[in-house]
Amino acid sequence: DVKVTQSSRYLVKRTGEKVFLECVQDMDHENMFWYRQDPGLGLRLIYFSYDVKMKEKGDIPEGYSVSREKKERFSLILESASTNQTSMYLCASTNGGTAYQPQHFGDGTRLSIL
Amino acid sequence: DQQVKQNSPSLSVQEGRISILNCDYTNSMFDYFLWYKKYPAEGPTFLISISSIKDKNEDGRFTVFLNKSAKHLSLHIVPSQPGDSAVYFCAASEGGNQGGKLIFGQGTELSVKP
């Protein structure tokens, strides 16, 4: 079974702090994704990566950056946290070379910015 | 511009009856559709998928129907069980999802009452 592990289940930070959310997958997947989930809005894509050191903007990249130095690890960075970034953050991965494969998700990080 | 829409935020069903969750899409290039189930404080779990060459796919109690002309898909759960109570997201992608990028609906919260 695919295992996607997010480093923290719950996190509380202050406005203006730099926040790092970490995600690791153990299935040698090429593609990794960061989403945020908000009530009534579903899952919205922040950033994704097809390979090491590669990144692509999703639908809502403003205020975020990402890092992928190793294939198994994809980090989401909030450069200067703001209260409107309080949300559930979800990491996912999938095998990029195979068609018709689902994404596999971690358990999420519930981030609160005070 | 919401390309994937779930117009019912919530659905309540009696145990043993059928649950029908609906999803509409606007992009005719979508060719792979998925349903995910999400419990509170957990990540989404892949449930079932269908490619555009099919109009039906079954897996146990879960069946997904695809109507390409209407750009509509639905998830049927028969019989519904209290453990099915969760938020259900539909998602869609182009190109057989080889790029991995999914577009999600807003979610429908299903409540199955004993």
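As shown above, the structure is provided for reference.
Residues numbered from 1 in each chain as written. Chains lettered and ligands numbered in written order. Predicted model: local features only at pLDDT ≥ 70, side-chain atom pairs only at ≥ 80, totals over all residues. Heavy atoms only, no water.

*Asks:* I'd love a proper account of the environment of Glu62(A), names of residues and values included.
*Replies:* As for its placement among the helices and strands, Glu62(A) is situated in the loop between β6 (56-57) and β7 (64-70). The spatial distance from the C-alpha of Glu62(A) to the C-alpha of Glu79(A) is 9.9 Å, given a sequence separation of 17 residues. (Helix = DSSP H or I, 4+ residues; strand = E, 2+ residues; numbered from the N terminus.)

*Asks:* Break down the interface of chain A and chain B for me, with residues and values.
*Replies:* Taken residue by residue, the interface counts 28 residues in chain A and 22 residues in chain B. Taken together, both faces of the contact between chain A and chain B bury some 1900 Å²; the carbon and sulfur share is 56%. Counting the contacts that link chain A with chain B gives 4 residue pairs in polar contact (both at pLDDT 80 or more). Listing elements by their share of the side of chain A that touches chain B, those giving two or more residues are β4 (31-38), β5 (42-49) and β9 (87-94) of chain A. (Contact = heavy atoms within 4.5 Å. Buried area = accessible area lost by both parts, 1.4 Å probe. Polar contact = N/O pair within 3.5 Å; in protein donor to acceptor, adjacent residues only side chain to side chain.)

*Asks:* Which residues make up the sheet that holds strand β1 (residues 4-5) of chain B, and what values do they have?
*Replies:* All names here are of chain B. Reading across the sheet, the 5 strands line up as β1-β3-β8-β7-β6 and stay open at both edges, with antiparallel pairing between neighbours. Each edge of the open sheet carries a strand with a single partner, namely β1 and β6 (56-59). Inspection of the sheet shows β1 paired to strand β3 (residues 19-25) by 2 bridges, in the antiparallel sense. Following the sheet pairing, Val 4 is matched in β3 by Tyr 25. (Pairing = 2+ DSSP bridges.)

*Asks:* An account of the environment of Lys3(A) is requested, with residue identities and associated values reported.
*Replies:* Residues and elements named next belong to chain A. For Lys 3, the position within the fold is in the segment before β1 (4-6). Taking the relative accessible area as the measure of exposure, Lys 3 reaches 48% and is therefore partly exposed. Spatially, the C-alpha atom of Lys 3 lies 7.2 Å from that of Met 27, the residues being 24 residues apart in sequence. The contact partners of Lys 3, leaving out residues within four places of it in the chain, are Val 24, Gln 25, Asp 26 and Met 27. (Buried < 20%, exposed > 50% of the residue type's maximum accessible area, 1.4 Å probe, protein only.)

*Asks:* Requested: an account of the pairing of β5(A), with residues and values cited.
*Replies:* All names here are of chain A. In terms of burial, β5 is largely enclosed, as 7 of its 8 residues are buried. Where β4 and β5 come together, 7 bridges link them in antiparallel fashion. Residue pairing in the sheet places Arg 36 in a bridge with Arg 44 of β5. The turn joining β4 and β5, which pair antiparallel and follow one another in sequence, is formed by 3 residues; a positive phi near 80 degrees is taken by Gly 40.

*Asks:* Now, about the sheet that holds strand β3 (residues 19-25) of chain A: what can you tell me, with residues and values included?
*Replies:* Residue and element names in this part refer to chain A. Strand order in this open sheet of 4 strands is β1-β3-β8-β7, and the pairing throughout is antiparallel. Looking at the sheet topology across the chains shown, the edges are occupied by β1 and β7. Averaged over all pairs of adjacent strands, the angle between strand axes in this sheet comes to 20 degrees, irrespective of strand direction. The pairing of β3 with strand β8 (residues 73-78) spans 6 bridges and is antiparallel. Note on β8: the bridge partner recorded for Leu 21 is Leu 76. (Axes fitted to C-alpha atoms, helices over the stretch in contact; angles between N-to-C directions.)

*Asks:* Give a description of a nonpolar patch on the surface that names residues and reports values.
*Replies:* Nonpolar side chains collect at one region of the surface, where Ile18(B), Ile20(B) and Val78(B) lie side by side and expose about 230 Å² of accessible area between them. Secondary-structure assignment places Val78(B) in the loop between β8 (72-77) and β9 (86-94). (Patch = residues over 30% accessible without salt bridge, like charges linked within 9 Å, V, L, I, M, F, W, Y side chains within 5 Å. Areas by Shrake-Rupley, 256 points an atom, 1.4 Å probe, with all protein chains shown as cover. Salt bridge = Lys/Arg side-chain N within 4 Å of Asp/Glu carboxyl O.)

*Asks:* Give a detailed account of the environment of Glu69(A), specifying residues and quantitative values.
*Replies:* Residue and element names in this part refer to chain A. With respect to the element layout, Glu 69 can be found in strand β7. For Glu 69, a relative accessible area of 53% translates into the label exposed. When the C-alpha atoms of Glu 69 and Thr 15 are compared, they prove to be 27 Å apart, with 54 residues separating the residues in sequence. Among residues more than four places away in sequence, those in contact with Glu 69 are Val 52 and Lys 53. At 2.4 Å, the side chain of Glu 69 and the side chain of Lys 53 are in polar contact.

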